[in-house]
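Structure assessment
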Amino acid sequence: MRTHTPRYIVSATVLCLILFFACSKDFENIIEDSFDFSFSGTNEEDIFIFEASKTDFSLEPERTVSDVTYYMRYTMIDGKGYYLGSENDTIRENDTIPLTDFDISLNYMAVDTGAHKVKLYAWDSNQLTKELDLVYNTSFASFGFVLTKGSEALIINSKNPINATLIRDKETVGPQSDGTGDFKITYQLENGTGLLYVGDTAHEPGKEFRLPKGVTEFGYQPETLGEHRLTMTAVAPDGATITRELLLQVGNLNFSFRATAGSSQVELNTNLAVNIDLQTQDEESDVTYEISHAFSPESEGGGTVRDQNGGVMDPGTNRPILPGNYNYTFQSVELGQRKIYFDVRDSNGQTKRDSVEIAVANIPFTFSGSSESNSVFIGERTQFNFNIKSNGNTNNIQYSVSYEILDGNGTLRNESGTELRNSTDYPVNFGNFSLFYIPETTDTHRISFVVTDNFGQSSEPVIIDLEIKQNEFEVTFTPSKTSEFSNIPVSGIINIDEEPEGTNDTYEAFFTSGKSGQVSIGGNTYGPGEKFNLGADANNIFYTGFEPGEHNLVFSVESGSGVTHATNPIAITYQQVDFSFTGGIQKSDISIGEVTSVNFNISETVGSSDYTMRFTMTGNALIKDTNGNTVSPGNSYDIPKGNFNWSLEGVSEGTVLITFFAQNETGLEKPVEITVNVSPKDYNFTANATGPGGFIGESTTINFNITELGLGGDTYTLYYSTGNANSSFEFDGSVYGPGETFTVPVGSFTGNYTGLSEGDHDIVFNVRSSSNVPKMANVSLSYERYVEQFDLTISQAPGDRLEGDAFNITVITNAEGTHDPTVTYEMVFSFRGNRAGYIIYSGTRYDEGETVPLNYGSTNMTFYPDTPDKFSIDFAVDNSTGETRNGSTFVDTLRRPVALVKGEKHNVSCGGLNGCDYQVRIYTCFDIGCSEAYGGATLDQVEIRIYNRRDNRWDTRVFNYNEAIGNGVDRYFLLEEEARESRLRYLDQDFEVRVRDTNNQWSERVTGRVVRV
């Protein structure tokens, strides 16, 4: 029996299948048909680097389905390269290429040489895949490189031609090329040094430069001789490389040199031409030359060589010279034979020498001379005339004369009056010249003269003979008067008349008078028989008779030539002058500073005269003359006749003894003696304290009084001493210590004494007047130390101490009694372990152990902790009276929480036709540990900041800590869940997490990245 299946059952079955596949994620693939296809490629196997090579690909499906799409990609197995699309766009390895046409052409670009193997993949939308292997044998494009030299023999330091030829068939270019198509060139040198030039541009060995295709002409300039090995490498734009070598023989550049003197003989100090000829093998060469000269060891002296410009050439010194012909000169100031070597050296070290021989000859001359007169007086000047003649060239010759006195004695001078020394050369002019001789002795004088030129040539001696006669003179004395008072000078003239006139001989004289007297001449005085000097002609003298009566004067004069004459006796009568001199003091007892009068009288008894007065003094006083001018002991002062008075002022204590001497013009002197007693000024001094003392640092007023006795008018200074006590004394706005001196007034005045140490102060006040009178007064005071006792309180600001948060600390000082405003307070703090922080007070930071100034009473400061641990702070407070109090405070810091997190992507709900769902989770507790709060606090909030890859931004999510999901130790926060992994916003992204505790403290941020698990 045939069984038929009802139609509604079949329809229901089909409908269920449709619904099943519609819910499946692979539904689209299931409903499409799949057909096989073939994939092939065609290429040139032998290609060049950096040259695009066409490759054709073909894909043939068995059946074309409109909804099926095709793709291809490639992978490099061996070698380096890439494909270019139809518009020269680069297709990178593993890039997906949609195939809209089944026949496609790509260009393969190789970037290194060798065998390249490329694997290509083609697949359709049904995941059916085909593979294809292609091979490309890659090599460099060929090019030609030829290196040749222009000559077999190269010249050192010259540019020698070398040619480089570069030929290329293909223009392949690598990525590092600059696009010009030029070749990179480098070269090296062995066994020598030099430079390659392209035009005027030098290229150093080992440094890269560029050359274009074609022929390039180098200039190689070697710096050393011998065989050079030149190795040059050319690199094409695609990287192809060729190296070539050249062997280069380098030699010297030849040159010729000749030196020729214009003559074999030259006169002294005359220029002689020397021709210098230098010729080179190659005038365009860069070789340079130097020339020097030297005198041979057998040369008799040296000389001066000058170049063509007149410049002096130092022997043995090189100077530059260019090839050519030059006229040098030679000149010498020494006689004899010369051999001069000339050396030329080129820059390659070649040297050539030539020499000249020259004889330097002398220039003869004649010398003659005579005297204007052969007979003269001693001391009389006579002229000697001389002549120098020569037939040679004397332009550069100097002459000198010397003399020697053979007989006699005298002085020789030149035309300017300068004395010439015996046997000494003195310059003279060529031709005529004169000298002058002054004889100093009588009889025959013989003088020999010789002339020598600057080359050492001397004349025959010229001898001059003279007869010298003795000088004569007459002497007379003429007084201005023949009568005068005793001790009054009388002027007169002693006249000496010489023969011959103008002899200017020297004269010595003395006098006799038969009485007591003296002669004064030129400010000097002479007694009878004492010799004095006179001159020729008139001599002014003064004669003073010291006693009355007739003085018969005779002067005896002797000349330097030994001739003696005396004057005729001349009588001068002197008369006596007398006077009386008296004096007395108004007050013989005075005090310092007091002035008294000293009275004098001068009365003349015989004659009339002017008077002076001087005095001597033992003791100290101030003396003034009639006009009030201060006078000094030992000095003479003009005084009048009759009555006059001076003054005396007492200066210092003691007896003053003064002797006054009055003197008239005759020298008669009479004394007066005066004695004065000078006593010091006196005064009374008292000092009294206004109180017994006080605390250390307090001042006590001291009353003083200075009462002057008598004349007064002194100034006063004061200082004090206190033994071992410390103190200060204030007076008139200034503060002084013990032993310091200061000025005080006369009368009553006050000062303030401050005791700075504890105990009894025995004070001695010392006063001294300007008259040097000391006084003292004693004052006793007692000082005790002030101590301010106080209480200390340390307190913290209320509230919890959170980790890292600053808090206030208050320090309270309270005196036990009345607080003295002058007492100051300060504090130091320390920790009972490691350093735990610092204090900021009034904008200043203080660390452990540093002194903090405090206000009296309450002082608020801020403490900045730098540890999360509990700790104690110890305080020590001192005041300026020496009292100390200690205190402390305990700081219980609430630590921040610590975050321990990780981020993961999880696959969940996997199985069945729908696959898996995907979640991103942030864990705050997992197998290795958990985020944690301290000090009894608990975690209450989590802040998650994570990068959103879809929106390109950072998202911030905040959760309550009790919102965490999970069991046991694993606790996490779910950020997202998607059915497809590609839709996840936070997959593989960075995140930052921190947690907060119930103390409202946040932990440090912890960073990480979401990982796939």
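Residues numbered from 1 in each chain as written. Predicted model: local features only at pLDDT ≥ 70, side-chain atom pairs only at ≥ 80, totals over all residues. Heavy atoms only, no water.

**A look at the overall build of the chain**
- Along the backbone of the chain there are two helices and 91 strands.
- Expressed as a percentage of its 1013 residues, the buried residues of the chain come to 40%.
- When contacts within the chain are restricted to residue pairs at least 6 apart in sequence, long-range pairs at least 24 apart make up 66% of them.
- Computed over 72 positive and 140 negative side-chain charges, the inter-centroid distance for the chain is 14 Å. (Helix = DSSP H or I, 4+ residues; strand = E, 2+ residues; numbered from the N terminus. Buried < 20%, exposed > 50% of the residue type's maximum accessible area, 1.4 Å probe, protein only. Contact = heavy atoms within 4.5 Å. Lys, Arg positive; Asp, Glu negative; His and termini not counted. Charge placed at Lys NZ, Arg CZ, Asp CG, Glu CD.)

**Structural notes on a negative patch on the surface**
- A cluster of acidic residues, Glu-472, Glu-474, Asp-497, Glu-499, Glu-501 and Asp-537, forms a negative patch at the surface.
- Of all elements in the fold, only β41 (472–479) and β43 (489–499) reach the threshold of two or more residues within the negative patch.
- Topologically, Glu-472 is positioned in strand β41. (Patch = residues over 30% accessible without salt bridge, like charges linked within 9 Å, V, L, I, M, F, W, Y side chains within 5 Å. Areas by Shrake-Rupley, 256 points an atom, 1.4 Å probe, with all protein chains shown as cover. Salt bridge = Lys/Arg side-chain N within 4 Å of Asp/Glu carboxyl O.)

**Focus on the pattern of salt bridges**
- According to the stated counting rule, one finds 40 salt bridges in the structure shown.
- A salt bridge links Lys-587 to Glu-594, with the shortest nitrogen-to-oxygen separation between them at 2.6 Å.
- A salt bridge links Lys-641 to Glu-604; the nearest nitrogen and oxygen atoms lie 3.3 Å apart. Residue Lys-641 is found in the loop between β58 (637–639) and β59 (642–650), and its partner Glu-604 is found in strand β54 (residues 595–606); the two are separated by 37 residues along the sequence.
- Judged by relative accessible area, Lys-641 falls into the partly exposed class, the value being 39%.
- For Glu-604, a relative accessible area of 27% corresponds to the partly exposed category.
- Each of Arg-835, Arg-845, Asp-847 and Asp-866 takes part in a single network of salt bridges with overlapping partners.

**Some remarks on the sheet that holds strand β17 (residues 209–211)**
- One open sheet accounts for five strands, arranged β12-β20-β19-β14-β17; its pairing is mixed. Unpaired on one side and paired on the other, β12 (153–155) and β17 mark the two borders of the sheet. Within this sheet the neighbouring strands show an average axis-to-axis angle of 45 degrees, counted without direction.
- Bridge count between strand β19 (residues 226–235) and strand β20 (residues 241–251): 10 bridges; the pairing is antiparallel. The residue of β20 that forms the bridge with Ala-234 is Ile-242. (Pairing = 2+ DSSP bridges. Axes fitted to C-alpha atoms, helices over the stretch in contact; angles between N-to-C directions.)

**Examining the packing of aromatic side chains**
- Within the structure shown, the criterion is met by 63 aromatic pairs.
- Members of the aromatic cluster, connected to one another through ring pairs, are Phe-685, Phe-704, Tyr-720, Phe-729, Phe-731, Tyr-736, Phe-742, Phe-749, Tyr-753, Phe-765 and Tyr-783.
- Directly above the ring of Phe-790 sits Arg-885, whose terminal nitrogen or CZ lies 4.9 Å from the centroid.
- The lysine or arginine in question, Arg-945, covers the ring of Trp-954, its NZ or CZ lying 4.5 Å from the ring centre. (Phe/Tyr/Trp six-rings, centres within 6.5 Å; stacked < 30°, edge-to-face > 60°. Lys NZ or Arg CZ within 6 Å of the ring centre and 35° of its normal.)

**Some thoughts on a positive patch on the surface**
- A contiguous patch of positive charge, built from Arg-949, Arg-950, Arg-980 and Arg-983, is present on the exposed surface.
- The residue Arg-949 is located in the loop between β86 (939–948) and β87 (953–960) in this model.

**Points about the sheet that holds strand β77 (residues 844–846)**
- The strand order β72-β74-β79-β76-β77 describes an open sheet built from five strands, whose pairing is antiparallel. Each edge of the open sheet carries a strand with a single partner, namely β72 (790–796) and β77. Adjacent strand axes in the sheet meet at a mean angle of 30 degrees, parallel and antiparallel pairs treated alike.
- Where strand β74 (residues 807–815) and strand β79 (residues 858–865) come together, six bridges link them in antiparallel fashion. Each bridged residue has a counterpart across the sheet, and for Asn-808 the counterpart in β79 is Thr-862.

**Quick look at the side chain of Thr-893**
- Here Thr-893 is to be found in strand β82 (residues 893–894).
- Thr-893 has contacts with Arg-801, Leu-802, Glu-803, Thr-867, Pro-868, Asp-869, Lys-870 and Phe-871, leaving out every residue within four places of it along the chain.

**Notes on the state of the cysteines**
- Overall, the coordinates contain two disulfides when judged by the stated rule.
- Each sulfur of the disulfide joining Cys-910 and Cys-916 lies 1.7 Å from the other. Taking the sign of the torsion about the S-S bond as the criterion, the disulfide between Cys-910 and Cys-916, at about 125 degrees, is right-handed.
- Judged by its relative accessible area of 45%, Cys-910 falls in the partly exposed class.
- In this model Cys-925 forms its disulfide with Cys-930; the gap between the sulfur atoms is 1.7 Å.
- Counting only the cysteines that form disulfides, in the order they appear in the chain, gives the pairing 1-2, 3-4. (Disulfide = S-S within 2.5 Å.)

**A few points about the nonpolar core**
- Membership of the largest hydrophobic core comes to 54 residues, with the highest contact counts inside it found for Phe-257, Ile-276, Ile-291, Tyr-328, Phe-342, Phe-384 and Phe-449.
- In terms of nonpolar packing, the next biggest core, distinct from the first, is built from 26 residues, Ala-164, Leu-230, Ala-234 and Ile-242 among them. (Core = buried A, V, L, I, M, F, W, Y, C linked by side-chain atoms within 4.5 Å.)

**Looking at the pairing of β86**
- Counted residue by residue, β86 has seven buried out of 10 residues, so it is predominantly covered.
- The pairing of β86 with strand β89 (residues 990–997) spans seven bridges and is antiparallel. Paired with Ile-946 across the two strands is Phe-991, which belongs to β89.
- Taken together, the eight bridges between β86 and β87 define a ladder with antiparallel strand orientation. Note that in β87 the partner of Ile-944 across the bridge is Arg-957.
- In sequence, β86 turns back onto β87 through a hairpin of four residues, with Asn-952 there showing a positive phi of about 55 degrees.

**What about the confidence of the model for the chain?**
- Confidence in the prediction for the chain averages 89 pLDDT; 96% of positions are at 70 or higher.
- Low pLDDT, under 50, characterises residues 1–32; the predicted model gives this stretch 17 contacts beyond four residues in sequence or across chains. (pLDDT = per-residue confidence, 0-100.)

**Some words on the environment of Arg-1009**
- With respect to the secondary-structure elements, Arg-1009 resides in strand β90 (residues 1006–1009).
- Residue classification places Arg-1009 among the partly exposed residues on the basis of a relative accessible area of 47%.
- Sequence-wise, Arg-1009 and Val-287 are 722 residues apart; in three dimensions their C-alpha atoms are separated by 75 Å.
- If we ignore the near neighbours within four places in the chain, the residues touching Arg-1009 are Gly-903, Asp-988, Gln-989, Asp-990 and Phe-991.

**Remarks on the environment of Thr-351**
- By secondary structure assignment, the location of Thr-351 is in strand β30 (residues 351–361).
- Here Thr-351 falls in the partly exposed class, since its relative accessible area comes to 49%.
- Each C-alpha atom, one on Thr-351 and one on Tyr-289, is 9.5 Å from the other, the two residues being 62 residues apart in sequence.
- Apart from residues no more than four positions distant in its own chain, Thr-351 is found in contact with Val-344 and Arg-345.

**Considerations on unusual backbone geometry**
- Phi at Asn-94 takes a positive value of approximately 70 degrees, unusual for a residue other than glycine.
- Mapped onto the elements, Asn-94 comes out in the loop between β6 (90–91) and β7 (97–99).
- What makes Asn-94 partly exposed here is its relative accessible area of 41%.
- We note that Asn-487 has phi near 70 degrees; this positive angle belongs to a residue other than glycine.
- In this fold, Asn-487 is placed in the loop between β42 (483–485) and β43.
- Taking relative accessible area as the criterion, Asn-487 reaches 15% and is therefore assigned buried.

**Some details on the environment of Gly-849**
- Among the structural elements, Gly-849 can be located in the loop between β77 and β78 (852–854).
- Gly-849 sits in the exposed class, given a relative accessible area of 53%.
- With 22 residues separating them along the chain, Gly-849 and Met-827 place their C-alpha atoms 9.2 Å apart.
- Filtering out sequence-adjacent residues up to four positions away, Gly-849 remains in contact with Val-828 and Phe-829.

**Examining the side chain of Lys-905**
- Within the element layout of this structure, Lys-905 appears in strand β83 (residues 902–908).
- Residues contacting Lys-905, with those up to four places away along its chain left out, are Tyr-918, Gln-919, Glu-981, Leu-984, Leu-987, Val-1010, Val-1011, Arg-1012 and Val-1013.

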